[in-house]
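# Observations on the three-dimensional arrangement
What follows is the residue order along each chain.
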Amino acid sequence: MIRIALLVALVATVLLPSAVLARQPATVSGFVRDGGSGETLILANVVLEDSGMGAATNTSGWYSIGGIPPGSYRVLASYLGYRTAAYDVSLGPDEHYRLDIELERSGVTVGEVVIEASRESAEEARQLGVARLSTATIRTLPTVLEPDVFRSLQLLPGVKAASDYSSGLYVRGGSPDQTLILLDRTTVYNPTHFFGFFSTFNPDAIKDVRLYKGGFPAEYGGRIGSVVDVYNKDGNRRRTGGSLSIGLLASRALMEGPIPGGSWMVAFRRSTLEPLLAALRAAEVDGIPDDFHFYDLNAKVNLDLSDSDRMSLAGYFGRDALDLEIVTDTRLLLGYGNRTGSLGWVHVFSDEVFSSFTLTSSHYFSRPDFLIAKTVVSRDNQVDDLSMKADVEYTASDRIGVKGGFWTGVFTFRLRDVFDARESMSERISAPYGAGYVQASWMPAADLTVLGGLRASWFGEGDHARLEPRISIEYTTPPGVRLQAGYGRYAQYLTLISNEAFSGLDIWLTTADGVPPAYGDQFVTGVKGRLPGRVDLEVEGYYRTMRSIFQFDPFLIDVSGLPYEKMFLFGQGYAYGAEVLLSRTSGRVSGQVGYTLGTTRRRFPELNEGEYFPPKYDRTHDLTAILNFDLSRRWRLTTVFTYATGQAYTEPASQYRLVDFPLGGTELQAVISPFNGARLPDYHRLDVGFVNRGRFLGFADYELQLQVINAYARRNIWFYFFDFEDDGTVSREEVPQIPIPVPNISFSLAF
């Protein structure tokens with residue numbers, strides 16, 4: 001018995017460690033890059049074949065698959081528009097296998113077809129309200145004179161446009177200031193050119209655009225509505241190349257190339273309106289400025305310090321300038337723009353732990369000067385935001401992942417008015433702020449995913465702090481249909497004074513003592529699946545509240561000496577709706593159809609007798625349809641049709657006259673209908689574009705675009721101008737948006 005016991009102990013001593021090691025899981029991790037340029041690919045899929053295990057790359061192109069039992073596997077990596085790559089690996093107990101992957105383009109132009117919704121990666125599929133936009137899509141869609149990121153986003157369900165002249169984003173019943181705009185993790189406070197006609201983002205310089213329409217996770221905050229997250233290209237790591245585009249409104253140029261251990265990219269864009277303005281002035285057309293131009297510059301440098309360390313330096317510089325004689329002896333000189341910069345460090349602590357640290361700087365300025373005879377009225381409006389942020393991701397296994405981080409900085413606002421060389425107002429707010437978050441994803445079963453998180457935020461002006469819980473759940477049915485639900489609370493410490501028709505004078509104001517932050521709850525549900533014919537169906541419903549909304553009081557004539565908290569109106573609102581998206585992203589015929597049924601309301605005690613009213617951007621029905629048809633290998637036809645309910649406005653009904661007014665004179669007053677109680681006629685428009693691609697003189701690829709905006713000359717109404725006649729009747733003059741077909745042509749080279 002003793003001998004048998006010793007033999008069992010000996011066998012156990014030899015075999016038990018082997019059995020324990022055999023159960024110790026392994027990890028596969030690395031970067032996924034474009035094989036032609038070395039550019040990292042965001043949200044690429046990496047899976048272990050027939051295992052149900054996989055991951056998607058993050059915004060740095062990094063993936064990590066943990067909790068893998070030792071054994072032999074085939075690793076498959078895929079990305080839309082690229083050939084799937086396969087790698088055979090053998091993993092030992094507790095092995096940390098580094099597998100950097102390069103994918104080759106498939107040579108099929110499916111990546112240039114249509115907006116990509118949250119379908120292409122496992123990670124994004126678990127999030128509600130997420131849409132992705134390819135830069136090729138932006139360049140292909142018919143557009144008013146210049147390809148634009150925001151105008152392309154306006155074609156998504158749940159995203160509305162104010163007019164043909166505005167690129168502002170009105171997402172799920174929210175105003176533009178409720179959307180956080182990020183460029184390389186840096187906040188952009190005025191993302192517009194040409195007085196809001198289009199956004200500041202040069203499509204040639206952009207690698208990835210993601211829109212979180214609602215229910216976004218705890219890593220984002222600072223706004224109660226939505227998030228637009230934009231990343232610039234890193235630059236080509238393989239060869240030096242570039243592109244050149246010449247258009248009617250603006251021309252663009254890009255150069256990129258490798259450096260030892262990294263890459264660089266520079267993109268420049270400038271308006272080319274001078275010949276057109278000169279011709280209009282020669283024809284003595286009224287209202288033509290003596291000078292108008294804009295430019296922007298994007299630059300980025302990346303350097304790999306080691307296999308686990310990467311540094312990046314990115315910058316953006318943009319400016320608009322205007323010289324306009326408004327009337328005789330009255331002139332407006334205006335300069336406004338943005339400057340942003342970011343210094344990033346990505347560090348891989350281990351196969352399971354990934355981190356990124358970023359220093360950011362954002363500067364917005366607006367300097368209008370009004371010259372009235374010999375009197376100068378000036379304003380200097382500036383916003384500065386210096387911040388530091390960090391994010392750490394821990395992949396415990398293929399079923400559990402944890403992410404946490406912080407964002408802290410100082411927000412500074414300056415506003416100074418000068419009248420005839422005398423300072424009439426000077427305000428300065430400098431407020432520290434901070435936020436921290438933690439979120440975790442958990443798969444208790446292969447068909448069930450839970451993503452939960454908590455964000456804590458603080459703003460120094462007024463010493464306000466808020467807790468913001470977030471959670472979303474996804475269940476995948478056996479046919480592959482995804483059922484989703486989510487909830488989140490969000491807080492906002494800033495508000496915007498803006499003019500829909502002219503964004504060059506935007507002013508940001510903050511919370512303070514007596515001015516609490518706005519907050520709201522969002523409830524989102526979704527159903528997503530694939531129909532026959534490679535057609536994807538997405539249906540989402542949402543309900544959101546907006547509480548403690550604070551906005552500048554439009555009835556104030558003079559704010560001098562007024563306490564800060566008396567400058568605002570305080571109210572609340574809500575929005576709800578349903579969105580349907582049908583899309584097909586491959587094949588000779590592709591496109592999408594999106595429909596939104598939505599309602600949004602606001603209530604302020606000082607407006608509409610304290611009753612709820614629809615804001616101008618409330619649209620009951622909104623429909624967009626995009627069709628792409630490959631006529632041949634070189635020619636493509638693209639059409640975009642848009643329909644929307646007319647916007648709300650307040651209509652004057654009549655006027656009355658006070659006779660024998662005790663203060664003298666004759667007083668005329670207008671009697672108006674309920675606030676925003678009337679509607680403009682419904683809006684609809686058709687845009688058509690042709691694209692021709694080929695080789696140019698054997699050294700470059702060319703792209704010729706021929707487009708017609710408003711093809712059937714629909715006269716959509718922008719607003720009405722009312723006037724009262726002497727007999728008391730009301731006359732109405734229509735002010736249209738783009739009333740005629742507008743041709744556009746551009747020519748691009750890539751070399």
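Residues numbered from 1 in each chain as written. Predicted model: local features only at pLDDT ≥ 70, side-chain atom pairs only at ≥ 80, totals over all residues. Heavy atoms only, no water.

This paragraph deals with the overall build of the protein chain. A count of helical and extended segments in the protein chain gives 5 helices and 48 strands. Here the C-alpha atoms of the protein chain give a radius of gyration of 28 Å, agreeing with the 27 Å that 2.2 N^0.38 yields for 751 residues. Sorting the 751 residues of the protein chain into buried and exposed places 52% on the buried side. Excluding contacts between residues fewer than 6 apart, the proportion of contacts in the protein chain whose partners are at least 24 apart in sequence is 63%. Of the roughly 32200 Å² that the protein chain leaves accessible, carbon and sulfur atoms contribute 61%. One finds the centroid of the 71 positive side-chain charges in the protein chain at a distance of 6 Å from the centroid of its 87 negative side-chain charges. (Helix = DSSP H or I, 4+ residues; strand = E, 2+ residues; numbered from the N terminus. Rg over C-alpha atoms; globule rule 2.2 N^0.38 Å. Buried < 20%, exposed > 50% of the residue type's maximum accessible area, 1.4 Å probe, protein only. Contact = heavy atoms within 4.5 Å. Areas by Shrake-Rupley, 256 points an atom, 1.4 Å probe, with all protein chains shown as cover. Lys, Arg positive; Asp, Glu negative; His and termini not counted. Charge placed at Lys NZ, Arg CZ, Asp CG, Glu CD.)

Now for empty space enclosed by the protein. The probe, sized like a water molecule, is rolled over the atoms to show the empty space still left. For the coordinates displayed, the defined rule picks out 8 cavities of 30 Å³ or more. A volume near 500 Å³ is recorded for the second largest cavity. Residue lining of the second largest cavity: 33 residues in total, with Gln-154, Ala-161, Asp-164, Thr-642 and Tyr-683 positioned closest to the centre. When contributions to the lining of the second largest cavity are tallied by element, the ones reaching two or more residues are helix 4 (149-153), strand 11 (159-160), strand 38 (621-630), strand 39 (635-644) and strand 44 (683-696). Its residues assigned to classes, the lining of the second largest cavity comprises 13 nonpolar, 11 polar and 9 charged. (1 Å grid on protein atoms, 1.4 Å probe; cavity = no way out; pocket = protein on both sides within 12 Å on 5 of 7 lines; lining within 4 Å. Points joined across faces, edges and corners; volume = space filled by probe spheres on them. Nonpolar A, V, L, I, M, F, W, Y, C, P; charged D, E, K, R; others polar.)

Structurally, Ser-746 is set in strand 48 (residues 742-750). Residue classification places Ser-746 among the buried residues on the basis of a relative accessible area of 14%. Here Ser-746 is in contact with Ile-246, Gly-247, Glu-703, Leu-704 and Gln-705, once residues within four sequence places are set aside.

In this section: the pattern of salt bridges. Within the structure shown, the criterion is met by 41 salt bridges. Notably, a salt bridge pairs Asp-296 with Arg-269, separated by 2.7 Å at the nearest N-O pair. Highlighted residues: Asp-296 in strand 22 (residues 291-306) and Arg-269 in strand 21 (residues 262-271), separated in sequence by 27 residues. Overall, Asp-296 belongs to the buried group, its relative accessible area being 0%. For Arg-269, a relative accessible area of 0% translates into the label buried. Notably, a salt bridge pairs Arg-695 with Asp-701, separated by 2.9 Å at the nearest N-O pair. Given a relative accessible area of 48%, Arg-695 falls into the partly exposed group. Overlapping salt bridges, with partners in common, bring together Glu-39, Asp-184, Lys-207, Asp-234, Lys-300 and Arg-310 in one network. (Salt bridge = Lys/Arg side-chain N within 4 Å of Asp/Glu carboxyl O.)

What follows deals with the domain arrangement of the protein chain. Domains assigned within the protein chain are domain 1 (25-112) and domain 2 (124-549 + 558-750). On a C-alpha basis, the centres of domain 1 and domain 2 stand 33 Å from each other. Taken together, the contacts link 30 residues of domain 1 with 35 residues of domain 2. Contact between domain 1 and domain 2 buries roughly 2700 Å² in total, counting both sides, with carbon and sulfur atoms accounting for 45%. Taken together, the links from domain 1 to domain 2 amount to 2 salt bridges. With a shortest N-O distance of 3.6 Å, Lys-207 and Glu-39 are connected by a salt bridge. Taken together, the elements giving at least two residues each to the side of domain 1 that touches domain 2 come down to strand 1 (26-34), strand 4 (62-68) and strand 7 (96-98). By residue number, the principal contributor to the side of domain 1 that touches domain 2 is strand 1, which donates 5 residues. (Domains from an automatic or database assignment. Buried area = accessible area lost by both parts, 1.4 Å probe.)

Turning our attention to a nonpolar patch on the surface. A cluster of nonpolar side chains, contributed by Ile-259, Val-301, Leu-303, Leu-305, Leu-313, Leu-343, Leu-359, Met-388 and Phe-406, occupies part of the molecular surface with about 740 Å² of accessible area. With respect to the helices, strands and loops of the structure, Leu-343 is situated in strand 24 (residues 330-348). (Patch = residues over 30% accessible without salt bridge, like charges linked within 9 Å, V, L, I, M, F, W, Y side chains within 5 Å.)

Here we take up the packing of aromatic side chains. One pass over the structure, following the stated rule, counts 29 aromatic pairs. Judged by centre distance (6.3 Å) and plane angle (50°), the ring pair of Phe-568 and Phe-570 falls under tilted. Classification of Phe-568 by relative accessible area gives buried; the value is 5%. Exposure remark for Phe-570: the relative accessible area of 28% places this residue in the partly exposed category. Over the ring of Trp-407 we find Lys-389, and its NZ or CZ is 3.3 Å from the ring centre. A cation over a ring is seen here: Arg-732 above Tyr-720, with NZ or CZ 3.9 Å from the ring centre. (Phe/Tyr/Trp six-rings, centres within 6.5 Å; stacked < 30°, edge-to-face > 60°. Lys NZ or Arg CZ within 6 Å of the ring centre and 35° of its normal.)

The strands that make up a sheet are held in pairs by hydrogen bonds between backbone atoms, and each pair lies either parallel or antiparallel. Sheet architecture is open: 4 strands sit in the order 3-2-5-6, paired in antiparallel fashion. One side of each edge strand has no neighbouring strand; the edge strands of this open sheet are strand 3 (53-56) and strand 6 (85-91). The sheet shows a mean angle of 20° between the axes of neighbouring strands, direction not considered. Examined bridge by bridge, strand 2 (residues 45-48) and strand 5 (residues 71-78) share 4 bridges and lie antiparallel to one another. By the bridge assignment, Val-47 is partnered in strand 5 with Leu-76. (Pairing = 2+ DSSP bridges. Axes fitted to C-alpha atoms, helices over the stretch in contact; angles between N-to-C directions.)

Okay, the nonpolar core next. One finds Phe-411, Phe-413 and Tyr-564 to be the most contacted residues of the largest nonpolar core, which totals 43 residues. The set of elements that each furnish at least two residues to this core consists of strand 13 (179-183), strand 27 (400-419), strand 28 (422-445), strand 31 (482-492), strand 33 (502-510), strand 35 (535-552) and strand 36 (568-584). What Phe-413 contacts, discounting residues up to four positions off in sequence, is Asn-381, Gln-382, Val-383, Glu-427, Arg-428, Ile-429, Ile-507, Trp-508 and Leu-509. By size, the runner-up hydrophobic cluster in this structure holds 23 residues, among which are Val-46, Ile-68, Tyr-73 and Leu-91. (Core = buried A, V, L, I, M, F, W, Y, C linked by side-chain atoms within 4.5 Å.)

Of the strand pairs in this sheet, strand 44 and strand 45 (residues 700-709) are connected by 9 bridges, and their pairing is antiparallel. Residue pairing across strands places Gly-694 opposite Tyr-702, the latter belonging to strand 45. Relative to strand 48, strand 45 is paired through 9 bridges, and the arrangement is antiparallel. Residue pairing for strand 48: Tyr-702 is matched across the bridge by Leu-749.

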